[in-house]
Amino acid sequence: MELNLSSKKKQWVFAYAMLLPYVVVYTIVKIYPFFYSLVLTFFKWDIIQDPVFIGFKNYAKLLTDEKFWMSMRNILHFTALTAVPAILLGLITALIISSDIRGKGIWRVIFFLPYIFSVSVVSLLWLLMYGPKYGLFNMLFVKMGLPPVEWLTTVNMAFFSVSIATLWWGLGFNFLIYLAALQQIPKDFYEAASIDGARWYHRIWYLTIPLLKRTTLTVAILQLIASLKSFGQIYLITGKGAPGGKSKVILHYIYEKGFLELKMGYAQTAAFIFFLMVFAVSLIQLKISQSVEDK
Amino acid sequence: MRFHLGRTIRTIIVGLIGALYTFPTFWMITSSMKLEKDLVAMKIFPKTWSLDNYYKIIEQAKIGAWFSNSMFITGITTLGVIVIGLMAGYALGRLKFPGKNIMYAYIIAGMVIPGEGIMITVFLTMKDLGLGAKASLIILHVASAVAVMILSNYFKGIANEFEEAARIDGAGEIKILTHIMIPMAVPAITTVAIVHFSWIWNDFLWPLIFATSDKAYTLPVGLSTLINNSDLRFGPVMAGSTLSVIPVVVMFLLFQRYFMRGIAGATLK
């Protein structure tokens, strides 16, 4: 049914009225702060006194700030540790749960559940496991006659331990996306393959994984972004960056510079560099999702 | 027969991995009900089941206040996400108007701006607006691009006949929305509500930034302060953790299907 001109006009007005609340709030909390942040990177400001224009000095200082680069190296280190295992484990779990087993519904709940815990709960839980003397792991180790392990005392060990906790926490998300994607693969694909006498691992390698290519691309990018944004669990499990602040990641660095040291311009400059890093990954995602839609 | 045996063996193996996977959660819940001596003795199950830890944590930490802060912020924000997302999603998914593509692009653009990358200026903006911690946290999350995407896709999928029939009967835009579209979108609305409730309930960075006093903490921020509290033993802390996950876990178990659809839908479409 074609609308006549006056009801068309009514619909225009109605449509913009409907968009208004979203656009107003979104402009206040995202678009305005974004441009504000670009400006702020050229100022020195401690909130109390007036901001002072200092040109590119924040950027220049940041380039030689050893602590900034350490936090960048740390987040890349942590991302390298978590991203690939998180994708692989999500895929493997989804493949297992969607195979011919009993009680699929229960397993789905079990492997997804930790995802809905807050980062504080996850950190508290794993601190209970990693405690040096009374932690569950070390008590078990000692009982079995093994030496206790220092789970959190060196940066490398701390990152390893926090990675395990992170994988446990976040597995459910990738798992669920893969599970949904697996359910969309028509059964006939598999039936044709099983008639040809393909073994299960052939089927997975030559059929399922290629069919999941698009999903894997999405999962990989979302995982990469999520890993780069890791903060809470590292901050809490290592006890705010221990040992000696050496395990601080970039968001921790920004939080400290901004909200504890009140260096607003400087902190926002670091945040802007972080922004560029995530933005680059997001652009790839946007590009991929568009090229998929074109097809 | 061989086929059946394989299935049982596979189920047992998955069961063992599942049990291991659930162990931390199980440990949290049982520890919260153990007396100090059972905790130290590392008993798998408490010898005597006790709620002492729950009384202790409620008495010694401001769990009650944190819980109600979290409830208030999460409840209002989720409601806002639905109302605002419904309106924008309906306009983008269903209505014809000039400049639609531009509006769409404008909204999508925000998805590539990570909030963490502008956290300093977001904080300053909220401060300039004179908003307190709670109001800031609500405003911050109330415009959700994910909600708009889920809802506009859903509205797009609703057949035209319903709308046309209503128009012939003389229904106006608002009536079509409230009497036809919204009732039909209940599954999508439920999905949006549940997914956002859990995200906002568990949010840590933003409440940490806006946290002013221990009375104003949300549960995740409040619980995180217990890590360095040497007066509190693990038992009460685990009781606090258990209390904090109850609302989301109950909701998840009740609305599992919507929840999972939401997570998958937000990413795969």
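Residues numbered from 1 in each chain as written. Chains lettered and ligands numbered in written order. Predicted model: local features only at pLDDT ≥ 70, side-chain atom pairs only at ≥ 80, totals over all residues. Heavy atoms only, no water.

S.K.: So what about the overall build of chain B? Which residues, and what values?
M.R.: The helix and strand tally for chain B stands at 15 helices and 0 strands. A compact globule built from 269 residues would reach a C-alpha radius of gyration of about 18 Å, whereas chain B, at 23 Å, exceeds it by more than 25%. With the C-alpha coordinates of chain B rotated into their principal frame, the extents come out at 75 × 70 × 35 Å. A buried classification covers 54% of the 269 residues belonging to chain B. Within chain B, contacts between residues at least 6 apart in sequence are counted, and of these 71% link residues at least 24 apart. If you sum the accessible surface of chain B, you get close to 12200 Å²; carbon and sulfur atoms cover 67% of it. Each charge class in chain B can be summarised by its mean position, and for the 22 positive and 14 negative side chains these summaries are 9 Å apart. (Helix = DSSP H or I, 4+ residues; strand = E, 2+ residues; numbered from the N terminus. Rg over C-alpha atoms; globule rule 2.2 N^0.38 Å. Buried < 20%, exposed > 50% of the residue type's maximum accessible area, 1.4 Å probe, protein only. Contact = heavy atoms within 4.5 Å. Areas by Shrake-Rupley, 256 points an atom, 1.4 Å probe, with all protein chains shown as cover. Lys, Arg positive; Asp, Glu negative; His and termini not counted. Charge placed at Lys NZ, Arg CZ, Asp CG, Glu CD.)

S.K.: I'd like to hear about the domain arrangement of chain B, residue by residue, with values.
M.R.: All names here are of chain B. By the assigned domains, chain B splits into domain 1 (1-50) and domain 2 (51-267). Counting residues at the interface gives 10 residues for domain 1 and 11 residues for domain 2. Among the ionic pairs, glutamate 36 bridges to arginine 233, the shortest N-O distance being 3.0 Å. Summed over the shared surface of domain 1 and domain 2, the result is 6 residue pairs in polar contact (both at pLDDT 80 or more). Contributing elements (two or more residues each) for the side of domain 1 that touches domain 2: helix H1 (2-32) and helix H2 (36-40). For the side of domain 1 that touches domain 2, the element with the most residues is H1, which contributes 4 residues. For the side of domain 1 that touches domain 2, the class distribution of residues is 5 nonpolar, 3 polar and 2 charged. (Domains from an automatic or database assignment. Salt bridge = Lys/Arg side-chain N within 4 Å of Asp/Glu carboxyl O. Polar contact = N/O pair within 3.5 Å; in protein donor to acceptor, adjacent residues only side chain to side chain. Nonpolar A, V, L, I, M, F, W, Y, C, P; charged D, E, K, R; others polar.)

S.K.: Report on the interface of chain A and chain B, specifying residues and quantitative values.
M.R.: Contact with chain A, which involves 96 residues of that partner, is made by 98 residues of chain B. Taken over both partners, the interface formed by chain A and chain B buries close to 8800 Å², and the fraction arising from carbon and sulfur atoms is 78%. For chain A, the biggest contributors to the area lost against chain B are Met18, Tyr22 and Leu124 of chain A; these three give 9% of the whole. Linking chain A to chain B there are 3 salt bridges. Looking at which element gives the most residues to the side of chain A that touches chain B, the answer is helix H1 (residues 5-40) of chain A, with 25 residues. Of the residues assigned to the side of chain A that touches chain B, the class counts are 73 nonpolar, 15 polar and 8 charged. (Buried area = accessible area lost by both parts, 1.4 Å probe.)

S.K.: Run through the packing of helix H4 (residues 63-94) of chain B against helix H14 (residues 234-254) of chain B, naming residues and quoting values.
M.R.: Residues and elements named next belong to chain B. As a packed pair, H4 and H14 sit with axes 11 Å apart at the nearest point and diverge in direction by 20 degrees. Between H4 and H14, the interaxial angle falls into the category roughly parallel. Between H4 and H14 lies a crossing whose hand is right-handed. Taken together, the residues of H14 that come into contact with H4 (itself represented by Ile63, Phe67 and Met71) are Gly240, Leu243 and Pro247. Residues that form the contact of H4 with H14 fall into these classes: 5 nonpolar, 1 polar and no charged. (Axes fitted to C-alpha atoms, helices over the stretch in contact; angles between N-to-C directions. Parallel < 35°, antiparallel > 145°, perpendicular 65-115°, else oblique. Left-handed = near helix turned anticlockwise from the far one by under 90°.)

S.K.: I'd like to hear about unusual backbone geometry, residue by residue, with values.
M.R.: Residues and elements named next belong to chain A. Cis geometry marks the peptide bond from alanine 242 to proline 243; its omega dihedral reads -5 degrees. Structurally, proline 243 can be placed in the loop between helix H11 (232-237) and helix H12 (250-260). Phi at isoleucine 47 is positive, roughly 75 degrees, even though this residue is not glycine. Looking at the secondary structure, you find isoleucine 47 in the loop between strand S1 (43-44) and strand S2 (52-53). The phi dihedral of lysine 240 falls on the positive side, at around 60 degrees, and the residue is not glycine. Mapped onto the elements of the fold, lysine 240 is located in the loop between H11 and H12.

S.K.: Break down a positive patch on the surface for me, with residues and values.
M.R.: Residues Lys143 of chain A together with Lys37, Lys43 and Lys47 of chain B make up a contiguous surface patch of positive charge. Note on placement: lysine 47 of chain B falls in the loop between H2 and helix H3 (52-60). Lysine 47 of chain B sits in the exposed class, given a relative accessible area of 64%. (Patch = residues over 30% accessible without salt bridge, like charges linked within 9 Å, V, L, I, M, F, W, Y side chains within 5 Å.)

S.K.: I'd love a proper account of the layout of surface pockets, names of residues and values included.
M.R.: Size it by volume and the second largest pocket reaches roughly 1400 Å³. Around the second largest pocket, the lining comprises 33 residues; the ones closest to its centre are Leu95, Ser98, Ser99, Asp100 and Arg203 of chain A. If you list the elements that add at least two residues to the lining of the second largest pocket, you get helix H3 (66-98), helix H4 (104-112), helix H7 (155-183), helix H8 (187-195) and helix H9 (200-211) of chain A together with H1 of chain B. The dominant element in the lining of the second largest pocket, judged by the number of residues it contributes, is H1 of chain B, at 8 residues. Looking at the lining of the second largest pocket residue by residue, the classes come out as 17 nonpolar, 7 polar and 9 charged. (1 Å grid on protein atoms, 1.4 Å probe; cavity = no way out; pocket = protein on both sides within 12 Å on 5 of 7 lines; lining within 4 Å. Points joined across faces, edges and corners; volume = space filled by probe spheres on them.)

S.K.: So what's going on with a nonpolar patch on the surface? Residues and values would help.
M.R.: Taken together, Leu20, Val24 and Ile28 of chain A together with Leu129 and Leu131 of chain B make up a surface patch of nonpolar side chains, about 390 Å² in accessible area. Here leucine 131 of chain B is to be found in the loop between helix H6 (119-128) and helix H7 (133-142).

S.K.: Tell me about the packing of aromatic side chains, and name the residues and values.
M.R.: Evaluated as defined, the whole model comprises 48 aromatic pairs over all chains. With a centroid separation of 5.9 Å and 45 degrees between ring planes, the pair formed by phenylalanine 42 of chain A and tyrosine 59 of chain A is classed as tilted. Of this pair, phenylalanine 42 of chain A sits in the loop between H1 and S1 while tyrosine 59 of chain A sits in helix H2 (residues 57-63), and the two are 17 residues apart along the sequence. Residue classification places tyrosine 59 of chain A among the buried positions, given a relative accessible area of 19%. Put simply, the rings of Phe111, Phe117, Trp126, Tyr130, Phe137, Phe141, Trp151, Trp168 and Phe175 of chain A together with Tyr21 of chain B pair up and form one aromatic cluster. (Phe/Tyr/Trp six-rings, centres within 6.5 Å; stacked < 30°, edge-to-face > 60°.)

S.K.: Explain the environment of proline 236 of chain B to me, using residue names and the numbers behind them.
M.R.: All names here are of chain B. With respect to the element layout, proline 236 can be found in helix H14. A relative accessible area of 3% means that proline 236 is categorised as buried. Considered as a pair, proline 236 and alanine 41 are 195 residues apart in the sequence and their alpha carbons are 17 Å apart. Contact partners of proline 236, with chain neighbours within four places excluded, come to Asn53, Lys56 and Ile57.

S.K.: An account of empty space enclosed by the protein is needed here, citing residue identities and associated values.
M.R.: All names here are of chain B. Under the definition given, this model contains 2 cavities of 30 Å³ or more. When residues of the lining of the largest cavity are traced back to their parent elements, those giving at least two are H4, H7 and helix H11 (186-202). A per-element tally of the lining of the largest cavity places H4 first, with 3 residues. Residue composition of the lining of the largest cavity, by class: 6 nonpolar, 4 polar and 1 charged.

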